[in-house]
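Understanding the architecture of this molecule
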Amino acid sequence: MDQRVLISHAAPKDFHGTHNWTKVCTSISSRLPLRNVTLRSPRNASTPIADLNVSLVPLESVREESVSQIPGSVLEKPLLHLYILYCQDDDLEVYRTILKKELKDWHSLVVPKKNSEWLILQIVRPPDPSKTASRNVFRLQGTVQSKLKADFNSDDRDRVVQLTYESDNSNDLIWAELFHKLKEGVSTAFSNAIASRTEEVRRSEGQQSMPGWNFCTFFGLKESLATSYEGVGLAEDAYNSTMSWKRSFSTSHASAISPGSARWSNPVPGDDSAPLLSISKKPYKDLILSNKIAVFDFRIYILARQCELLAKIGSLSDVPRKVASFLGAFSKRLFEVEAHFPKFFVESWIYSSAITAVEQCTAWQRHYDPDGLEKMTVDSGNAELLDLARSQLEVIGIELGYLPREPPFTIGLPKRTRRASVVPADIPITSEDITATVEGQDAFYDIYIRLTSQTLGLYAEGGRRKFALKLHGALAALDLHRGHLYKALTTFSSLHGHYAPHSWTSLESYMLSRALDTHALTKKAQDGEWMHILLNFLKSYVEHRGADMLIPIENPTAYVLKFVVALKEVASATETETRHPDHPAFSIHPDNKAKLAGDRDGSYLGVIVRNYLPCDFEVGEVTVDLHGRDGEKHRFTTPVDTLQPGKNRLTLFCPAPASGLFLIESSEIRAGNLLLQYPQKKVPGKPVTHHEVVKIPPDPLALDVRIFTSRKVDLDQRCLSLKVSSGRNSIQKLELKLTAPSVAFRYREAILDEDAGKVAYESSDSLKIQDIANDAAVGFTIPYVEGVAVQTMRIEVEVTYSTRKEPKLERVLHLVTSLSPSLPVSVNVQDWFRESRLISTFSVSSTTHQHLRVAETQLIAPETEESLKVVPCAVRKGTITITPSQPAKFMFALDAVSGPIKDSLLFIVKYRLLREEVAGIIEDQVRSALSDAGKSQDLRPTVVSRLIESLERDPSWVSMYNITGEIKIPETKLISGADGEMAEVLMDTEKRLEAHRHPETPVGVWRELRLPVDVPLKSIVAITSIRLLGTPFNPNLAADSKAPLYAGQPISAELRIHTSFRWGLDSDASRQYVLNYQIEDMTREWLIGGLKQGDFIAKNDNTYTVPVTLMALHHGEFPLPKIKVEAQLSMRDLTMGGQAPPSVETYQSHSAVKVLVLPRGGRSTYVVAMGSASDS
Amino acid sequence: MPSTLKLNAVAFISPQNHPILIRTFSKPDENAIKYHYIAHTSLDIIEERANLHGKFTDCYLGLLYSMEDVAVYGYVTPLKVKIVLALALSDSVVKDVEVIMLFKAMHMAYYNAISNPFLRLESSMDSEHRPVTAHPRWESKVEELPQTRRRDCPSIGVVNLGSQYTPSTTNPVFTDTLPYP
């Protein structure tokens, strides 16, 4: 309905219709519509209207009032009357005689008109400059404009406009005033018109209760207001005014008309398929005017008008919603009077209305082009409407038997009973789709699927995923009903995944149960896929605990049980393993402490398994995997038959002897080939805050393997010792394997330690031992080759063994020990050379904080060197203790009879740690104490560890032990706190230990360090001596002369340097060296005369003699000066040979010699007692 | 004027869009799936509204959509718990005030339930995912609501509820979750 504001125009007769008149009219029209008109809206705000459509109409064409009782829009009548006269300003004569009268007539016609304004437009020519002077004469008489103003302006407002018309029509400025006045006039007139119309409406409303009041007239008034607003472009105000329509309708009118009467609804053929939002499909206006409109039509009309306005104001998204709620609400009313319609008439009406409304919306959408979000809302609104249409099809389908009467088809099914139609069949159903569906089942399905797909498309565009899911469910249900089982199965089994993310378990389990039911119908083999669907179903079932079971079944528990039983069968039958992590049907809670088995190796772990299913669940076994340090893994397991609903307490067993703290890595429930796994939860990106740990206590009687450095250490070949203690087990078979990074173990060269016990063994890639009795220990020495020298070796020990009691059970013991290949002792050698003898001092010290016990040291000469004789110094009997601060020295003399010694000697130290020795003693004593008391040796490990721990706490016993061998156990709680049998054994052992003494000769097991020692080389050994020859008084002093020496007396002496090349490598005895000697300065004691230093040529076994004179500077006893001998490298040697200087060792043979020097000419005064008087 | 609202179902949905409680008041209960669907699909519309308006300035979302015989209304608490009501559709004008009153009563019932320190949260399963599970007392309260409303039709029982279950405002944790009085 395109409405525009009318402006009537009139003109003097002689001007009307002339060429100029047409020109003026065209000029005005060409400048329309009016721009930026400010209109006062009922919200009392001034709303600027950008473009106000205005039509110029001749005054004569305007209809007279009171033609119709029902007022139309206020715009139906001109809001402004314009009178255009063409008169020069000075043509007063013409004005007075002709124009004024005509103008008066017009004025009297126009002014009484209600709600309109008037305006006089005087057109003048541009003034002619040539005539200006002559015209001035009449100026006094005034102008036509002023006359006009004086004659017609009755109030403050100036309603006369003068316009200087120029023929080129280009200057917009001259029109400005006219258009300003026009806008002002239109605005005022519109406000007045609206005000008076509103007043009319109010008055009419107040008269409701009066007889003869007509709703249709009242409505006409109300609608005219809206139409008026709409006409001027105030669509929003128009819509607002329509808001009250329905309310006033329902309060006043509807109550008067009973549903079912012809006045309420008067169906005509085609009503059920008419486009809902069209206001032209019926002559609504006339029907209203004639007061013949039915409520049905009236409500549709109101809706259509509102929707149209909504689309206009840009709220297109509200249209589908409005339509939907209207259809929903009004159809309810229609169903109340269903009997007055043919069957399916109302459904057909809703169906067509929804579809046509969507079409209309789509058309508006194209026209108004809403933005993204708005468009999505419109799309989803449209989809909702189509959904409504779809549910009409469902209603029809169910009634005709095309669809089953069950969800999801019954979701849209209103709860009502259809009333038999009482109308004759002359109102046919005109909707093609509905007619087709009624006629044939296939057509119904086609239409249903087409409409559903269309709805799906719109939902998708509107971003309504969840609605779309619902429709997919409906499609799948349809497939199921029509027997398209595989298609239905595929849809059902994929749909549940969409409900899972929000844990919408009720719908998820519904979909899954549909999938399972469909699967059962397809008679497909129950395979892995089926198992997955079932597991998911159980998951969702458990999550909502059966509370929101949407499946219409009588006994949910039986329903679930049926599946659980089938699951077990399928799981047993399938070949491939199916793993399912974190299924919520069960939860496994292990205790945090394991219990030792006691009578055999291994431990028990208590576990609570909760079954959340409402029925028993058959399983095979329950397993808990523990994870320790160093990749150690242990598996606790137990066979289980059924898990009852609720708590199940199980005890799991792990045969491997292990102890310590373990992390629970995962738990498993196995049913056939189905594995329900419960791994320790790791949230990616988050550190694990809560660890579930299990503590396994140590088992002293379990099989144990200990690794330590070999007792016998040969620096050429590294070995390690291991000791297998069988504990309580009498072992049938045992296989042992060691691994360490970059270390190769040579099992083939392994040697059984004879002293520990004899067993049969074979060695290949591993060590295989057979038949070890219980409480026995077997020791081996295994050589190894190290790739890289390391500080500590990390050795992993893997032992597989079976016992005689349980020959079929193979236990695996996994141990990790670290071994330090470095020795606890270090040996340093110091050598002294004599002419034919070498004295070596071996200093043995402890490298750690441990005390060492050294039993014996030996230096063994190689057999090849027969000429070499080794003489140990007088050996102290017994064992020596070395502390970190106090090393021990062992001295040996080597007599080399001839020539240089090429082969190295062997130094052997037999030692052990004090700790080991004491532990061994305690072990022995406890063993004998137990056997004497006739008690079980099972107590031994505990007693020994208690005693050792007690000794560790207090070192006071150590010094006493070193001396005597007595071990005094300090009084500690560990000892005093024991009770019963243990206390008895402890007491006994304590006494035995106190009585213990060191044996005469070392006993027990000793470690042996074999150290190859090279005989050191020395090219030249110089033996120096100073021989005193004579004094002035005693020219010939014998070697052992007692002749006195006096200070200041020159003593002739002889310096002898004997050189020997025996300790050198060079066997060439003829070789000569230039040596340099130097006599030490002893400036306080000796004055030396003669060659104090000098070079000489040294030959093998040759003596060089230098005469010197010594003079003692003071009296006393002091040594002779020392002589330093060095190799003197000649320039030739340095330049030619590049030879290192020969090593020279000087032995001062006189270094221990001291001489007594007497004072020369010394005078001594002695006081001799002459006796006293008393003596005489 | 007596209220003509008829409550068919109510759904409480957590801020993470997990269902907390879905209850139907229509007997027999075979149509439960319908209301599960309604609750689920309502989330789409609530999300749509949130996108459209950026942020909810008002708890009450008004009519979400209507189906054949059900009008679905939405409400989002300040802590983003969504409450969805399915009202039987009638041709009469539904006053928002009445629906809001009903929502506030629901919100209050929920609020009272969760402010109970002795409320047993589901222990064995994923308690995070299900802040309040079908707690018998609370459930019964929700069940009672429509009945209360039916008894004292004019005021739909909210006033009674409010005075009966006035929460202690000294509990600061929950103060902001209170529906506006």
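I will try to describe carefully the structure that is included in this document. All values reported here derive from a predicted model rather than from experimental measurement. (Residues numbered from 1 in each chain as written. Chains lettered and ligands numbered in written order. Predicted model: local features only at pLDDT ≥ 70, side-chain atom pairs only at ≥ 80, totals over all residues. Heavy atoms only, no water.)

Considering the overall build of chain A
Regarding its fold elements, chain A presents 25 helices and 49 strands. Considering only contacts in chain A between residues 6 or more positions apart, those separated by 24 or more positions represent 73%. (Helix = DSSP H or I, 4+ residues; strand = E, 2+ residues; numbered from the N terminus. Contact = heavy atoms within 4.5 Å.)

Notes on the overall build of chain B
When its secondary structure is counted, chain B shows five helices and five strands. The buried share of chain B, taken over its 181 residues, is 56%. Accessible surface, chain B as shown: approximately 8100 Å² in total, 57% of it carbon and sulfur. (Buried < 20%, exposed > 50% of the residue type's maximum accessible area, 1.4 Å probe, protein only. Areas by Shrake-Rupley, 256 points an atom, 1.4 Å probe, with all protein chains shown as cover.)

Description of the sheet that holds strand 38 (residues 1007–1013) of chain A
Residue and element names in this part refer to chain A. Pairing is mixed in the open sheet, where five strands are placed in the order 21-38-37-33-35. The sheet is open, and its two borders are formed by strand 21 (712–714) and strand 35 (880–882), each paired with just one other strand. Neighbour-to-neighbour, the strand axes of the sheet open up by a mean angle of 30°, direction not taken into account. Inspection of the sheet shows strand 33 (residues 852–860) paired to strand 35 by three bridges, in the antiparallel sense. Residue pairing across strands places Arg853 opposite Thr881, the latter belonging to strand 35. Across the sheet, helix 20 (residues 914–933) touches strand 33, strand 37 (905–913) and strand 38, and the angle it forms with strand 37 is around 55°. (Pairing = 2+ DSSP bridges. Axes fitted to C-alpha atoms, helices over the stretch in contact; angles between N-to-C directions.)

Looking at the pattern of salt bridges
All names here are of chain A. Enumeration over the complete set of coordinates arrives at 48 salt bridges over all chains. Residue Glu200 is joined to Arg197 by a salt bridge in which the shortest nitrogen-to-oxygen separation is 3.7 Å. Separated by three residues within a single helix, Glu200 and Arg197 lie in helix 5 (residues 173–206), roughly one turn from each other. The residue Arg635 makes a salt bridge to Glu668 at a minimum N-O spacing of 3.8 Å. Separated by 33 residues along the polypeptide, Arg635 in strand 14 (residues 633–639) and Glu668 in strand 17 (residues 660–671) bring together distant segments of the chain. For Glu668, a relative accessible area of 9% corresponds to the buried category. (Salt bridge = Lys/Arg side-chain N within 4 Å of Asp/Glu carboxyl O.)

Notes on the pairing of strand 41 (residues 1050–1060) of chain A
All names here are of chain A. Within strand 41, eight of the eleven residues are buried, which leaves it mostly tucked inside the rest of the structure. Where strand 39 (residues 1020–1030) meets strand 41, nine bridges bridge the pair, whose relative direction is antiparallel. Paired with Ile1026 across the strands is Leu1055, a residue of strand 41. Direction of pairing for strand 41 relative to strand 45 (residues 1102–1112): antiparallel, over a ladder of ten bridges. Within strand 45, the position partnered with Thr1059 by the bridge is Asn1102.

A short note on helix 9 (residues 295–312) of chain A
All names here are of chain A. With 18 residues, helix 9 ought to run about 26 Å at 1.5 Å a step, and its terminal C-alpha atoms sit 26 Å apart, in line with that. Burial analysis of helix 9 places 17 of its 18 residues in the buried class, the great majority of the element. Once helix 9 ends, the next one or two residues include Gly314, with phi positive near 85°. (Expected span 1.5 Å × (residues − 1).)

Quick look at unusual backbone geometry
With a phi close to 55°, Asp775 of chain A is a non-glycine residue in the positive phi region. Here Asp775 of chain A shows up in the loop between strand 27 (767–772) and strand 28 (777–786). In the Ramachandran plot, Asn17 of chain B falls in the positive-phi region, its phi being about 70° despite a non-glycine side chain. Following the sequence through the fold, Asn17 of chain B ends up in the loop between strand 1 (7–13) and strand 2 (19–24). On the basis of relative accessibility, which here comes to 13%, the residue Asn17 of chain B falls in the buried class.

What about the packing of aromatic side chains?
All names here are of chain A. One pass over the full model with this rule turns up 31 aromatic pairs over all chains. Plain terms: the ring middles of Phe326 and Trp349 are 6.2 Å apart, the flat faces sit at 75° to each other, and that makes the pair edge-to-face. Taken together, the residues Phe326 in helix 10 (residues 318–336) and Trp349 in helix 11 (residues 345–368) connect sequence positions 23 residues apart. The residues Phe326 and Trp349 share a single accessibility class, namely buried. For the pair Phe537 and Tyr541, a centre-to-centre distance of 6.2 Å together with 40° between the ring planes defines the contact as tilted. With a gap of four residues between them, Phe537 and Tyr541 both fall in helix 18 (residues 528–543), about one helical turn apart. On the basis of relative accessible area, Phe537 is assigned to the buried category, the value being 0%. (Phe/Tyr/Trp six-rings, centres within 6.5 Å; stacked < 30°, edge-to-face > 60°.)

A few points about the sheet that holds strand 40 (residues 1045–1046) of chain A
All names here are of chain A. In space, the three strands of this open sheet follow the order 40-49-46, with mixed pairing throughout. Two strands in the sheet have a free side with no partner beyond their single neighbour: strand 40 and strand 46 (1116–1119). Where strand 40 and strand 49 (residues 1154–1158) come together, two bridges link them in parallel fashion. Considered in strand 49, the bridge of Leu1045 is made with Val1157.

Section: helix 1 (residues 32–53) of chain B
Its 22 residues give helix 1 of chain B an end-to-end C-alpha distance of 32 Å, which sits within 8% of 32 Å, the value for a rise of 1.5 Å per residue. Among the 22 residues that make up helix 1 of chain B, 17 are buried, leaving the element largely enclosed by the rest of the structure.

Side note on the interface of chain B and chain A
Taken together, the 41 residues of chain B in the interface contact 54 residues of chain A. Buried area between chain B and chain A, both sides added, is near 4200 Å², and the carbon and sulfur share of it is 57%. Lys466 of chain A serves as the salt-bridge partner of Asp44 of chain B, at 3.8 Å between the closest nitrogen and oxygen. When contributions to the side of chain B that touches chain A are tallied by element, the ones reaching two or more residues are strand 2, helix 1 and strand 3 (60–66) of chain B. The element best represented in the side of chain B that touches chain A is helix 1 of chain B, accounting for 16 residues. Considered class by class, the residues forming the side of chain B that touches chain A number 16 nonpolar, 13 polar and twelve charged. (Buried area = accessible area lost by both parts, 1.4 Å probe. Nonpolar A, V, L, I, M, F, W, Y, C, P; charged D, E, K, R; others polar.)

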